[in-house]
Amino acid sequence: MKGADILLKGLLDQGVRVLFGYPGAATLPIYDRMDDYPIRHILVRHEQAAAHMADGYARASGEVGVCLATSGPGATNLVTGIATAYLDSSPIVAITGQVERRFIGTDAFQEVDIVGITIPITKHNQHILTAAEITPALKTAFLLAKSGRPGPVLLDIPKDVMLEEAEYDPDVDVTLEGYNPIIAGHGGQIKKAATLLASAKNPVIVAGGGVIRSGATDQLIELAELLGAPVMTTLMGKSAVPQSFKYHLGMIGMHGAKVAVDTLKSADVIFAVGARFGDRAVLSYEKFTDLAKFIQIDIDPAEIEKTVKVDIPIVGDAKNVLTELIKRLKEDGSVTERKKKKPVRNLETYDSDNGMSIPAIVEILSEMGGDFIVATDVGRHQIWAAKYYNSPGLDRGGFITSGGLGTMGFGFPASMGAKMARPEKKVVLITGDGSFMMNIQELATSSHYNIPVVVIIMNDHHLGMIRQVQDIFYDGKYMECEFPPNVEFVDVARGMGLDGVKVTDIKDVRGAIEKGLESDSTFVIDCIIESQENIPYQSYDN
Amino acid sequence: MQKIISILVEDKPGVLMRIAGLFFRRGFNIEALSVGSTEIPGKSRFTITVDGDEAVLEQVRKQVQKLLNVHRTAEHDHKNSQLREYALIKINFSKKIKTEVLHLVEFFGGRVIDIYDDVAIIEIAEEESRIDMLFERLEPYEIIESLRTGKVSMFRGKRSINPQR
């Protein structure tokens with residue numbers, strides 16, 4: 001069997017049914033064999049979008065998303081998407097073509113050392129040198145991508161290896177000696193955590209993306225109820241707990257909810273579950289560290305105490321550790337006798353002035369209360385969406401955003417990937433005019449394959465977040481943050497076989513979204529924003 | 001603070017780049033690095049000497065441990081390990097001074113391994129401080145060329161980096 005067949009058969013055996021890719025000379029042997037396998041290929045219009053689509057697919061389904069690019073520029077175009085997945089622990093496998101083995105190292109046409117380039121942004125990567133290596137490499141890649149702390153894995157395959165003959169052995173054993181993710185938490189540490197939580201006066205729980213990855217929502221809710229502890233999330237943990245949960249206080253961090261940050265300030269124990277204490281979430285490491293005693297659960301030992309001194313570190317899978325912890329707390333009994341505080345429920349809402357503002361539009365979307373997946377791009381709209389999008393229908397993993405890398409252009413392709421993964425769900429993208437423009441070409445892909453997404457563009461003709469930062473930290477000197485109003489997004493959509501509507505009055509927003517949700521294809525709502533309202537910053541100062 | 005870290009790895013291309021990249025990303029200058037094969041087939045051992053903040057170094061060690069090709073990491077110090085370095089020193093060995101040089105070399109535990117055209121090559125495998133001292137004492141005799149391998153180290157007693165032991 002040829003290397004290309006081994007690869008495609010291997011992908012099929014891993015459960016892969018869709019590939020996001022773009023062909024090139026170095027990957028043509030794969031494309032040549034593709035129609036013999038029941039794998040759907042989505043021909044993107046830019047490889048970066050293929051990586052984001054695979055990422056969106058992975059986030060929405062919990063399965064591994066796969067993208068495929070040719071050597072050289074095709075491979076480097078994946079880099080931003082791979083880095084995005086890396087920072088947010090999203091399981092993707094990227095396959096890149098490489099020049100023939102005899103040309104490697106000669107600066108041949110479209111040769112690039114993509115393995116070298118992606119070492120710092122992959123969980124692992126591998127240059128495959130023979131067709132016989134493909135199966136073990138592929139099995140290893142999938143195992144690594146989805147187990148432990150998930151993340152991207154890249155496999156680089158020279159063109160002639162795709163044509164080389166080898167045996168296909170699906171049962172080939174891959175034992176990874178140096179890889180043993182710790183799933184169960186240490187009993188002694190869990191016991192210490194239980195004791196500390198039981199004696200805490202004001203414990204709070206901070207839920208991060210790890211809760212979603214491990215499927216620990218039920219355990220988190222049970223623990224919060226047991227302790228009577230408020231739950232707040234990081235940006236990545238936004239849909240870790242239902243928005244309607246009585247102890248849920250919203251998001252912490254630089255642009256978080258005031259009530260969440262105030263509650264953190266009065267806590268005596270901060271219990272982080274699957275949250276890595278990223279700089280945007282903790283505002284200031286010095287002040288944050290002084291707040292309380294810390295307990296941290298993370299599946300990645302390197303995340304424990306990376307930034308903040310932790311009193312009780314627990315390495316393990318959130319769901320396992322929480323289950324054990326709850327058991328112990330119940331057995332102990334002291335926590336159930338403690339007087340629990342009433343849940344504080346003043347989730348932030350926007351004081352609407354009826355004008356066309358981003359938060360007002362996000363509130364309208366929330367009120368519509370649909371059971372849909374919401375994705376965002378990066379910028380002011382992202383933060384407003386994270387703060388105010390508060391639909392009871394927002395289920396676990398139903399909020400998809402580029403948290404760690406903050407990748408503009410992520411939202412639209414990721415939405416399409418999410419729609420491919422969960423076709424039964426409506427997918428709504430909240431984006432900005434700057435972000436949407438960064439992968440606008442994918443309207444053609446959406447139109448080609450009919451992958452419907454409701455695109456809400458918060459069009460303020462600005463790089464809104466940059467404008468805000470210049471406003472506050474650069475004395476209002478606005479440099480290169482304004483776009484002339486020279487793009488008619490609805491016309492662009494129409495030019496790519498889709499439809500949309502431009503909205504200039506807040507009264508028309510709901511109708512436009514309803515129309516988008518009813519549409520069978522991607523529908524672009526170009527909301528012309530009037531206000532340049534700044535998002536408030538939070539601080540630990542009193 | 002100086003740390004000596006041993007890393008047991010799969011002997012595969014690119015492993016050095018992966019490890020060095022993690023130190024580089026955190027702004028550490030690797031003071032010394034040596035790599036070689038071990039008693040385990042297919043496995044090599046790195047010894048890295050690095051100077052830096054302890055908490056950040058611990059973080060780097062954890063990140064290194066995450067690499068798929070890395071099987072074990074361990075930290076050495078004077079108490080738990082024998083720390084050695086190897087040096088080659090090419091030195092003027094003319095008749096006038098050769099007795100003095102020879103005397104010094106023997107005193108510090110080195111030996112002459114080559115003599116050619118009134119020039120000798122000296123080798124020494126010793127603790128870093130003793131090699132430092134030898135260099136200091138040989139300085140007046142015209143060192144022509146020298147190299148040092150950086151530290152290698154091994155735990156005292158039964159403790160081993162080999163996970164099978």
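The structure displayed is predicted, hence computed values, not measured ones.

Procedures and definitions
- Residues numbered from 1 in each chain as written.
- Chains lettered and ligands numbered in written order.
- Predicted model: local features only at pLDDT ≥ 70, side-chain atom pairs only at ≥ 80, totals over all residues.
- Heavy atoms only, no water.
- Patch = residues over 30% accessible without salt bridge, like charges linked within 9 Å, V, L, I, M, F, W, Y side chains within 5 Å.
- Areas by Shrake-Rupley, 256 points an atom, 1.4 Å probe, with all protein chains shown as cover.
- Salt bridge = Lys/Arg side-chain N within 4 Å of Asp/Glu carboxyl O.
- Helix = DSSP H or I, 4+ residues; strand = E, 2+ residues; numbered from the N terminus.
- Contact = heavy atoms within 4.5 Å.
- Buried area = accessible area lost by both parts, 1.4 Å probe.
- Polar contact = N/O pair within 3.5 Å; in protein donor to acceptor, adjacent residues only side chain to side chain.
- Nonpolar A, V, L, I, M, F, W, Y, C, P; charged D, E, K, R; others polar.
- UniProt positions renumbered as here; feature names shortened; annotations may be inferred.
- Phe/Tyr/Trp six-rings, centres within 6.5 Å; stacked < 30°, edge-to-face > 60°.
- Buried < 20%, exposed > 50% of the residue type's maximum accessible area, 1.4 Å probe, protein only.
- Lys NZ or Arg CZ within 6 Å of the ring centre and 35° of its normal.
- Pairing = 2+ DSSP bridges.
- Axes fitted to C-alpha atoms, helices over the stretch in contact; angles between N-to-C directions.

Visitor: Where do I start with a nonpolar patch on the surface in this structure?
Guide: Judged by side-chain polarity, A:Ile472, A:Phe473 and A:Tyr474 come together as a nonpolar surface patch covering roughly 330 Å² of accessible area. Counting through the fold element by element, A:Tyr474 comes out in the loop between α21 (464–473) and α22 (489–495).

Visitor: I would appreciate a short explanation of the interface of chain A and chain B in the present structure.
Guide: Many authors give the size of an interface as the accessible area that is lost as the parts come together. With 18 residues of chain A at the interface, the matching set in chain B holds 14 residues. Between chain A and chain B, a total of about 1300 Å² is buried, with carbon and sulfur atoms accounting for 52% of that surface. The tally of links from chain A across to chain B stands at 2 salt bridges. Taken together, the connections running from chain A to chain B amount to 6 residue pairs in polar contact (both at pLDDT 80 or more). For the side of chain A that touches chain B, the secondary structure elements donating two or more residues are α5 (114–118), β5 (124–127) and α6 (134–146) of chain A. Across the side of chain A that touches chain B, the residue classes tally to 8 nonpolar, 5 polar and 5 charged.

Visitor: Please clarify how the UniProt feature "domain: Thiamine pyrophosphate enzyme N-terminal TPP-binding" (unreviewed entry) in chain A should be interpreted in this entry.
Guide: Following the UniProt record, one finds the feature "domain: Thiamine pyrophosphate enzyme N-terminal TPP-binding" (unreviewed entry) at residues 1–116 of chain A. Helix makes up 44% of residues 1–116 of chain A and strand 18%, whereas the separation of the span's terminal C-alpha atoms amounts to 29 Å.

Visitor: Explain the UniProt feature "domain: Thiamine pyrophosphate enzyme TPP-binding" (unreviewed entry) in chain A here, please?
Guide: According to UniProt, the feature "domain: Thiamine pyrophosphate enzyme TPP-binding" (unreviewed entry) maps to residues 377–527 of chain A in the numbering used here. Structurally, residues 377–527 of chain A comprises 40% helix and 16% strand, and the distance from its first C-alpha atom to its last is 15 Å.

Visitor: When you look at the packing of aromatic side chains in this model, what are you seeing that I'm missing?
Guide: Between two aromatic rings, the relevant description is the distance of the centres plus the angle of the planes. Residue and element names in this part refer to chain A. Under the criterion given, the structure shown has 11 aromatic pairs over all chains. Between the aromatic rings of Phe288 and Phe294, the centroid separation amounts to 5.2 Å while the plane-to-plane angle is 40 degrees, which identifies the pairing as tilted. A residue is classified by how much of its surface remains accessible, and Phe288, at 0% relative accessible area, is buried. Seen in terms of ring centroids, Phe288 and Tyr540 are 5.9 Å apart; in terms of plane orientation they differ by 40 degrees. Their pairing is tilted. Residue Phe288 is located in helix α13 (residues 285–289), and its partner Tyr540 is located in the segment after β18 (523–528); the two are separated by 252 residues in the primary sequence. When sorted by exposure, Phe288 lands in the same class as Tyr540, which is buried. Counting every residue linked through ring pairs, the aromatic cluster contains Phe277, Phe288, Phe294 and Tyr540. The ring of Tyr478 carries the charged tip of Arg467 above its face, separated from the ring centre by 4.2 Å.

Visitor: What is the right way to read the sheet that holds strand β13 (residues 373–376) of chain A from this model?
Guide: Paired through backbone hydrogen bonds, the strands of a sheet run either parallel or antiparallel to each other. Residues and elements named next belong to chain A. The parallel open sheet is built from 6 strands, whose spatial order is β14-β13-β15-β16-β18-β17. A strand with exactly one partner marks an edge of an open sheet, and here the two such strands are β14 (399–400) and β17 (499–503). In terms of strand pairing, strand β15 (residues 427–432) meets strand β16 (residues 454–459) through 5 bridges, oriented parallel. By the bridge assignment for β16, Thr431 is matched with Ile457. Lying on the sheet, helix α16 (residues 358–368) is in contact with β15, β16 and β18; it crosses β16 at an angle near 160 degrees. Across the sheet, helix α18 (residues 411–421) touches β13, β14, β15 and β16, and the angle it forms with β15 is around 175 degrees.

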